[in-house]
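Single-letter residue listing:
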Amino acid sequence: MSVNLQDKIALVTGASRGIGYFTALELAKAGAHVIACARTVGGLEELDDAITAAGGRATLVPFDLADMDAIDRLGGSIFERWGKLDILVANAGVLGTISPIGHVEAKVFEKVMTINVTATWRLIRSVEPLLMRSDAGRAVILSSSTAHKCRPFWGPYSASKAAVEALARTWAGETQGTPLRITSLDPGATRTAMRALAMPGEDPETVQHPRAVADVIMGLVGPEVTETGKLFVVRENKLVDYRLPE
């Protein structure tokens, strides 16, 4: 989608590969200065090369989202350098293991919750004041259909994504009277490293490329977006309301 993000500041987590990589690249192509966060330095450097080749600009921030103090410092650094944040794409996440709930190791469960839930909350807390300083702050929080389907053997990941959606919905309700617009995103089956771990026998050519999801995200971060507190389902190509249990 064509959107002009000239002079916008965008933060993308999990930017070294997959959905985060292509989203960061598209944001830069549209004129945004991208703050790209990930653990993998090599992947960030490849992204930086691609952004530079496209005529864009990026600031690389290699760190682990399990480092909560680093998340707090990130918010402070953004304020000192730019004074605001226009776009947040909270993409980073981990799968954990696909196994019965009773067989999940405590350290695995705790890591999934730390990276997927606690770090997302900490990120929201760190950058909300910066997004409020934008005239059109936009946040896209990556979710998953597992948050609703609660498939057997996907317990930790499903629970973490349900919690992330609850955070996004609550945040949207709290900021409804402001210019900030918040959207959860269910990308559906996508050709990523996480998908390969979850579905090792699947032909990756049968699922969508992460570039397709990045294109959808681009349509959710522009100043023309008016909806907040909803879920965009990529496979249906539409925003949907959350529903109470039936």
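Our structure is the block above this text.
In this report, the structure presented in the accompanying data block is examined.

Rules of the game
- Residues numbered from 1 in each chain as written.
- Predicted model: local features only at pLDDT ≥ 70, side-chain atom pairs only at ≥ 80, totals over all residues.
- Heavy atoms only, no water.
- Helix = DSSP H or I, 4+ residues; strand = E, 2+ residues; numbered from the N terminus.
- Expected span 1.5 Å × (residues − 1).
- Buried < 20%, exposed > 50% of the residue type's maximum accessible area, 1.4 Å probe, protein only.
- Arc of directions from axis to C-beta.
- Contact = heavy atoms within 4.5 Å.
- Polar contact = N/O pair within 3.5 Å; in protein donor to acceptor, adjacent residues only side chain to side chain.
- Pairing = 2+ DSSP bridges.
- Axes fitted to C-alpha atoms, helices over the stretch in contact; angles between N-to-C directions.
- Salt bridge = Lys/Arg side-chain N within 4 Å of Asp/Glu carboxyl O.
- 1 Å grid on protein atoms, 1.4 Å probe; cavity = no way out; pocket = protein on both sides within 12 Å on 5 of 7 lines; lining within 4 Å.
- Points joined across faces, edges and corners; volume = space filled by probe spheres on them.
- Nonpolar A, V, L, I, M, F, W, Y, C, P; charged D, E, K, R; others polar.

1. Points about helix 3 (residues 68-81)
Given 3.6 residues per helical turn, the α-helix brings residues three or four places apart onto the same face. Taking 1.5 Å of rise per residue, 14 residues should cover 20 Å, and helix 3 covers 20 Å from first to last C-alpha, within 8% of that figure. Where helix 3 is concerned, the buried positions are M68, A70, I71, L74, G75 and I78. Taken around the axis of helix 3, the buried residues stretch over an arc of 160°, which confines them to a single face. Exposed residues pointing more than 90 degrees away from the buried face of helix 3 are listed as R73 and E80. On the buried face of helix 3, the contacting elements are strand 1 (9-13), strand 2 (33-38), strand 3 (57-62) and helix 4 (106-132). Where helix 3 begins, one side-chain oxygen reaches toward the backbone nitrogen of D69, 3.3 Å away; that side chain belongs to D67. Count one or two residues on from helix 3 and you reach G83, which has phi positive near 80°.

2. A word on the side chain of S160
Structurally, S160 is set in helix 6 (residues 155-174). The residues touching S160, leaving out its near neighbours within four places in the chain, are V112, M113, N116 and V117.

3. As for the sheet that holds strand 2
The strand order across the open sheet built from eight strands is 3-2-1-4-5-6-7-8, with neighbouring strands paired in mixed fashion. Only two strands of the sheet have a single neighbouring strand rather than two, namely strand 3 and strand 8 (238-240). Averaged over all adjacent pairs, the angle separating strand axes in this sheet is 20°, with direction ignored. For strand 7 (residues 230-233) and strand 8, the ladder comprises three bridges, and the chain directions are antiparallel. From the neighbouring strand, F232 faces strand 8, where its bridge partner is L239. In this fold helix 2 (residues 41-53) packs onto strand 2 and strand 3, with an angle of close to 175° to the strand it touches most, strand 3. Lying over the sheet, helix 3 contacts strand 1, strand 2 and strand 3, oriented at roughly 165° with respect to strand 2.

4. So, the side chain of S99
Turning to its location among the elements, S99 is positioned in the loop between strand 4 (87-90) and helix 4. Beyond its immediate stretch of four places on either side in the chain, S99 contacts V104 and F153.

5. Examining the pattern of salt bridges
Scanning the model with the defined rule gives eleven salt bridges in all. Between D67 and R73 there is a salt bridge, and its shortest N-O distance comes to 3.9 Å. When the shortest N-O distance is used, the salt bridge between D241 and K230 registers 3.2 Å. Remark: K230 occurs in strand 7 and D241 occurs in the segment after strand 8; sequence separation between them is eleven residues.

6. Quick look at the layout of surface pockets
The computed volume of the largest pocket comes to approximately 1000 Å³. What lines the largest pocket is a set of 45 residues, and nearest its centre among them are G93, V94, Y157, T192 and M194. Of all the elements in the fold, those that place two or more residues in the lining of the largest pocket are helix 1 (18-29), strand 2, helix 4, helix 5 (146-149), helix 6 and helix 7 (193-198). With five residues, the single largest contributor to the lining of the largest pocket is helix 7. Across the lining of the largest pocket, the residue classes break down as 19 nonpolar, 16 polar and ten charged. Of the volumes computed, that of the second largest pocket is approximately 440 Å³. What lines the second largest pocket is a set of 20 residues, among which H148, L231, D241, Y242 and R243 lie closest to the centre. If you list the elements that add at least two residues to the lining of the second largest pocket, you get helix 5, helix 6 and strand 7.

Note that all results are geometric; they support no functional claim without further evidence.
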